[in-house]
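Observations on chain architecture
Residues per chain are reported as follows:
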Amino acid sequence: MSRKFLSGNEAFAEGIRLARPQVISAYPITPQTIVVERLSEMVEDGSLNAEYVHVESEHSALSCAIGASAAGARAFTATSSQGLLYMAECLYYASGGRFPIVMMNADRSTALPWNIYGDQRDSLSQLDSGWIQSYAENAQEALDLALMSYKIAEDKRVQTPYMANLDGFVLTHTYETVDIPTHEQADKFLPPYETDNRIDFENPKNMAFSAGPDTNYIFKYKEHKGLLSAAEVINETEKEFADIFGRKYSGLTENYRTDDAEYIIVTLGSIAGLCRETADKLREQGVKAGVVRIRYMRPFPNKEIADVLRNVKAYAVLEKDISFGNEGTVFTNVNSALKKAGIDIKGYNFIGGLGGRNISASDIENIYTSIANGTDSVNFIGIGGEDNGK
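In short, a report on the structure. (Residues numbered from 1 in each chain as written. Predicted model: local features only at pLDDT ≥ 70, side-chain atom pairs only at ≥ 80, totals over all residues. Heavy atoms only, no water.)

Moving on to the pairing of strand β13 (residues 314-319). Burial of β13 is extensive: 6 of the 6 residues sit out of reach of the surface. Residue alternation in β13 divides its side chains into two sets, A314, A316 and L318 and Y315, V317 and E319, and both sets are buried. With 4 bridges connecting them, strand β10 (residues 263-267) and β13 associate as parallel partners. Within β13, the residue paired with I264 across the bridge is Y315. One ladder, built from 6 bridges, connects β13 with strand β14 (residues 346-351); its direction is parallel. Residue Y315 lies in a different strand from β14, and its bridge partner there is G347. Each parallel crossover has a hand, and for β13 linked through helix α12 (residues 329-340) to β14 it is right-handed. (Buried < 20%, exposed > 50% of the residue type's maximum accessible area, 1.4 Å probe, protein only. Helix = DSSP H or I, 4+ residues; strand = E, 2+ residues; numbered from the N terminus. Pairing = 2+ DSSP bridges. Right-handed = clockwise from strand over helix to strand, strands pointing away.)

Note on helix geometry: an α-helix contains 3.6 residues per turn, so any two residues three or four positions apart are oriented the same way. What helix α11 (residues 302-309) keeps buried is the set I305, A306, V308 and L309. Packed against the buried residues of α11 are β9 (253-256), β10, β11 (289-294), β13 and α12. (Contact = heavy atoms within 4.5 Å.)

A few words on the layout of surface pockets. Of the voids in this model, the largest pocket is the one considered here, and its volume is about 670 Å³. Forming the boundary of the largest pocket are 23 residues, of which G96, G97, A208, F209 and F219 lie nearest the centre. For the lining of the largest pocket, the element with the most residues is helix α9 (residues 213-245), which contributes 5 residues. Broken down by class, the residue content of the lining of the largest pocket amounts to 11 nonpolar, 6 polar and 6 charged. Computed from the structure, the second largest pocket encloses a volume of approximately 300 Å³. Along the walls of the second largest pocket sit 18 residues, with L127, D128, H224, L227 and R298 positioned nearest its centre. Elements with a minimum of two residues in the lining of the second largest pocket: α5 (88-96), α9 and α12. (1 Å grid on protein atoms, 1.4 Å probe; cavity = no way out; pocket = protein on both sides within 12 Å on 5 of 7 lines; lining within 4 Å. Points joined across faces, edges and corners; volume = space filled by probe spheres on them. Nonpolar A, V, L, I, M, F, W, Y, C, P; charged D, E, K, R; others polar.)

A word on the packing of aromatic side chains. The description of two aromatic rings rests on the distance between their centres and on the angle between their planes. The final tally for this structure, using the stated rule, is 10 aromatic pairs. With a centroid separation of 5.6 Å and an interplanar angle of 35°, the aromatic rings of F5 and Y175 are classed as tilted. Here Y175 lies in strand β8 (residues 175-180) and F5 lies in strand β1 (residues 2-7), a separation of 170 residues in the sequence. Using a relative accessible area of 55% as the deciding quantity, one classes F5 as exposed. Judged by its relative accessible area of 43%, Y175 falls in the partly exposed class. Through successive ring pairs, a cluster of aromatic residues spans F189, F241, F245 and Y249. (Phe/Tyr/Trp six-rings, centres within 6.5 Å; stacked < 30°, edge-to-face > 60°.)

On to the sheet that holds strand β3 (residues 51-54). Pairing is mixed in the open sheet, where 7 strands are placed in the order β3-β2-β4-β5-β7-β6-β12. Of all strands in the sheet, those with a lone pairing partner are β3 and β12 (296-298), marking the two edges. If you compare each strand with its neighbour and ignore which way they point, the axes differ by 20° on average. Across 4 bridges, strand β6 (residues 132-135) lies against strand β7 (residues 162-167) in parallel orientation. Paired with S134 across the bridge in β7 is A164. (Axes fitted to C-alpha atoms, helices over the stretch in contact; angles between N-to-C directions.)

Attention now goes to the pattern of salt bridges. Taken as a whole and assessed by the stated rule, the structure comprises 29 salt bridges. With a shortest N-O distance of 3.9 Å, E14 and K4 are connected by a salt bridge. One end of the pair, E14, is in helix α1 (residues 8-19); the other, K4, is in strand β1, and 10 residues separate them in sequence. Among the ionic pairs, R293 bridges to E254, the shortest N-O distance being 3.1 Å. In this pair, R293 sits in strand β11 while E254 sits in strand β9, placing the two residues 39 residues apart along the sequence. Each member of the salt-bridge network shares a partner with another, and the members are E137, E141, E238, E254, R276, R293 and R295. (Salt bridge = Lys/Arg side-chain N within 4 Å of Asp/Glu carboxyl O.)

With 51 residues, the main nonpolar core has F12, L39, F76, L147 and Y162 as its most contacted residues. Counting residues per element, this core draws most heavily on helix α7 (residues 139-154), at 10 residues. Among residues more than four places away in sequence, those in contact with F12 are F76, M104, A142, L143, A146, A164 and L166. Counting residues in each nonpolar core, the second largest holds 25 residues, with Y135, L268, V308 and A337 among its members. (Core = buried A, V, L, I, M, F, W, Y, C linked by side-chain atoms within 4.5 Å.)

What follows is about the sheet that holds β13. Spatial strand order, β9-β11-β10-β13-β14-β15: 6 strands in an open sheet with mixed pairing. Of all the strands in the sheet, the pair left with one neighbour each is β9 and β15 (378-380). Recorded for the sheet is a direction-independent mean angle of 20° between the axes of neighbouring strands. Note that β9 and β11 share 4 bridges and pair antiparallel. Residue pairing in the sheet places E254 in a bridge with R293 of β11. The strands touched by helix α10 (residues 272-284) within the sheet are β9, β10, β11 and β13, with β11 carrying the most contacts at an inclination of about 165°. Packing against the sheet, α12 makes contact with β10, β11, β13 and β14, and its axis sits at approximately 150° to β13.

What follows deals with the environment of V102. Relative to the elements of secondary structure, V102 occurs in strand β5 (residues 102-107). Judged by relative accessible area, V102 falls into the buried class, the value being 0%. Residues within four places of V102 in sequence aside, it is in contact with I16, A75, F76, T77, S149, Y150 and Y162.

Structural data, given as structure tokens:
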């Protein structure tokens, strides 16, 4: 194992190198571009043996990956923002075809107004597309998810594409020291890809076909079950990862100082670190604050969320997303998890970071204060007045 000073993008590229994809379909878009640039350099210098296909659009990038996966190859692509929306049609083909492609998405604001900075509206808009969705907090986790993603997606119980999300610029372009496993370790963890779900001239089969109402219904049910099965496979994969690499992860969620917490912020992505620092500060002042970081939005951690929030006085969901005309998408999912578990606790939604706008430590401290005192159900950080949340 070696150590390097890498950005989140570069760390993710290192993880993909270790996973040995056979086909990489690349189309650049800020702030994802560095990932495919680094992978092109690896292919050029021989440290990665893969077919590198520079396609003409994001739609073509995922189409190429689908074709490669249908041929039985381990495939990778990457995108961001409008690029993800441009390939949205293909997302459903990939998941419906049960092709375990891995795609990195650099979370970025969507138009209009045009903006290259990070929020999470792009990926959260595609929660219903049938892909596994994870959200990394730092560069080390980004590298590790790149490697684990294939093992999870390719498991025969899952057989589902995987979208690994990194916060644009805040994570993709910031640097930290990262531990990089050896190829020997990676190969022990992730064997070569094998699948029966591929074109085979010796044993021909029908793929990507039309299906009427009765059969279509069964295929969609199986697709749903595959995504649900990913929860168990994620836990198994992380245990095996810890045994080989020594780094432990916590499954669908990560809890911080929640055992006796009275007020909890639920969030996802890189902002979780600042939330934990703020919780520590408030603990020193006698406030029982805690943090839950959602690591996977699909499959959604219904049980984990219900268990950790069951006894709090109030909770807040802090997210870089808004489902216009209603509330934040993450809040909808968290609130649903509690209602299904029969838990009636007051929850508050805080929308921030849209278009890359900064969320400060004082903003987070104010969230804890607001939920302790009661506030509007939906709140836009930094926007006051009676129209906030209405």
